[in-house]
Amino acid sequence: MTGQQTAPPAPAPAEPAEAAAPTPSPPVPDAPRPPRRALRAVARWTAALLVFGGLGTGTALAITSAERTDVPGLATEDDGRWEYPALSLPALPAGSPRPFTDANHAEIHHADLRKLLLPAPAGATSDKTLDGGWVKPERFLAEYRAEDRDELAQVLVDTPPRHIAARGWTMPDGTRSRIYLLRFNSTAFATHVRDTLRLGFPEQRQLVGAQVTEFDQTATFSRAVQGVVAYLHTEQAPHGDAHTRQAYSLAGDTLALIIHERPGKAEAARIPFHQTVILQNQLLG
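For clarity, every value in this text was computed on a predicted model and none was experimentally measured.

Q: Quick one: what's the story with the side chain of Arg178, residue by residue and with numbers?
A: You can see Arg178 is positioned in strand E5 (residues 176–183). Look at Arg178 and you get buried, because its relative accessible area is 11%. Here the side chain of Arg178 touches Glu143 through a polar contact of 2.7 Å, side chain to side chain. Ignoring anything within four residues of it in the chain, the contact list for Arg178 reads Leu130, Arg139, Glu143, Arg167, Gly168, Leu257, Ile258, Ile259 and Glu261.

Q: Just give me the short version of the environment of His239, but keep the residues and values in it.
A: Position of His239 among the secondary structure elements: in the loop between strand E7 (228–235) and strand E8 (242–251). Between the C-alpha atom of His239 and that of Lys265, which follows or precedes it by 26 residues, the distance is 7.9 Å. In this view, His239 contacts Gln211, Gly264, Lys265 and Ala266; residues no more than four positions away in its chain are not counted. In terms of polar contacts, His239 uses its side chain to reach the backbone carbonyl oxygen of Lys265, at 3.0 Å.

Q: A description of the packing of aromatic side chains should follow, citing residues and the corresponding values.
A: Counting across every chain of the model gives 4 aromatic pairs. On the basis of an interplanar angle of 80 degrees and a centroid distance of 6.3 Å, the ring pair of Tyr84 and Trp169 is categorised as edge-to-face. You can see Tyr84 sitting in the loop between strand E1 (62–63) and strand E2 (87–88) and its partner Trp169 sitting in strand E4 (residues 163–170), a full 85 residues away along the chain. Owing to a relative accessible area of 2%, Tyr84 belongs among the buried residues under this scheme. Looking at Trp169, the relative accessible area reads 2%, which means it is buried.

Q: Describe the side chain of Asp148, naming the residues involved and giving the relevant values.
A: Following the sequence through the fold, Asp148 ends up in helix H3 (residues 146–158). The side chain of Asp148 is buried and forms no salt bridge, while Arg205, the nearest opposite charge, is found at 4.4 Å. Residues in contact with Asp148, not counting those within four places in the same chain, are Arg205 and Gln206.

Q: Go over the environment of Leu232, please, and point to the residues and values.
A: Tracing the chain through its elements places Leu232 in strand E7. Separated by 32 residues in sequence, Leu232 and Gly200 place their C-alpha atoms 9.2 Å apart. Beyond its immediate sequence surroundings of up to four residues, Leu232 is in contact with Glu214, Phe215, Asp216, Ala219, Phe221, Gln246, Ala247, Phe273, His274 and Val277.

Q: Just give me the short version of the nonpolar core, but keep the residues and values in it.
A: Leu118, Ile179, Leu181, Leu232, Val277 and Leu284 are the most contacted members of the largest nonpolar core, which has 31 residues in total. Listed by contribution, the elements that provide at least two residues to this core are E4, E5, E7, E8, strand E9 (254–263) and helix H5 (270–284). Among the elements that take part in this core, H5 stands out by supplying 6 residues, more than any other. In contact with Ile179, not counting residues within four places along its chain, are Leu117, Leu118, Ala165, Ala166, Arg167, Trp169, Leu257, Ile258, Thr276 and Gln280.

Here is what the cut-offs are and how they apply
- Residues numbered from 1 in each chain as written.
- Predicted model: local features only at pLDDT ≥ 70, side-chain atom pairs only at ≥ 80, totals over all residues.
- Heavy atoms only, no water.
- Helix = DSSP H or I, 4+ residues; strand = E, 2+ residues; numbered from the N terminus.
- Buried < 20%, exposed > 50% of the residue type's maximum accessible area, 1.4 Å probe, protein only.
- Polar contact = N/O pair within 3.5 Å; in protein donor to acceptor, adjacent residues only side chain to side chain.
- Contact = heavy atoms within 4.5 Å.
- Phe/Tyr/Trp six-rings, centres within 6.5 Å; stacked < 30°, edge-to-face > 60°.
- Lys, Arg positive; Asp, Glu negative; His and termini not counted.
- Salt bridge = Lys/Arg side-chain N within 4 Å of Asp/Glu carboxyl O.
- Core = buried A, V, L, I, M, F, W, Y, C linked by side-chain atoms within 4.5 Å.

Dropping the structure here:
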């Protein structure tokens, strides 16, 4: 008798094959590290921006003028910078906001204008006629060529400044510095006077002794301080008996004129001029 054949057992299922290990990617080379000089520059700019940003908050902060590395765009310790005293914002009347805060839409400076003037640096000989006090419009107008004074005088009659404060000094190398702060009744008045000066145009109102001027293309901080816009000019070569650098800063209701003038063939140094403008703008901000 033929027996029923038993089917051979089914083969055991094959073990799943192990996933193939991924082929390792070639190592990505590390990005080149920035040079130390670049790192220091970034740190300086960051510190400067923190200082500039803080000044617009209405908090009475000290202005670190003595530390060379806090001034943007000026890189080394032997760059000819002037030694200004440590600065701080003046106290305000009770309840008065700083000019560029949310509570001050009109951008009015409530501090004593004379206390917003930059002090003279170390080694300077003070100008006794511009001692940080009030001056008359005629003294400010005397900075301009005679052919422009009548028109500018009429502008100051039509849009009269509330106050004009000024300070001047002379450095050991002969550079004469003068700063004028003109506070008007409104931002619109200050802007109108700025526009009358025709900054950067061929018919720009020129200072006495200055020949043809041009924008200072080396200045990269025209808006470094919140609310303050700076216009820097330098006299083109060949200059006359003196070389003049000048800057105008518009800060709400206040217009500043900053002058560095060096007699002789040498130019007025660029770095201390930039330094002066930056520090004065910080006080106005």
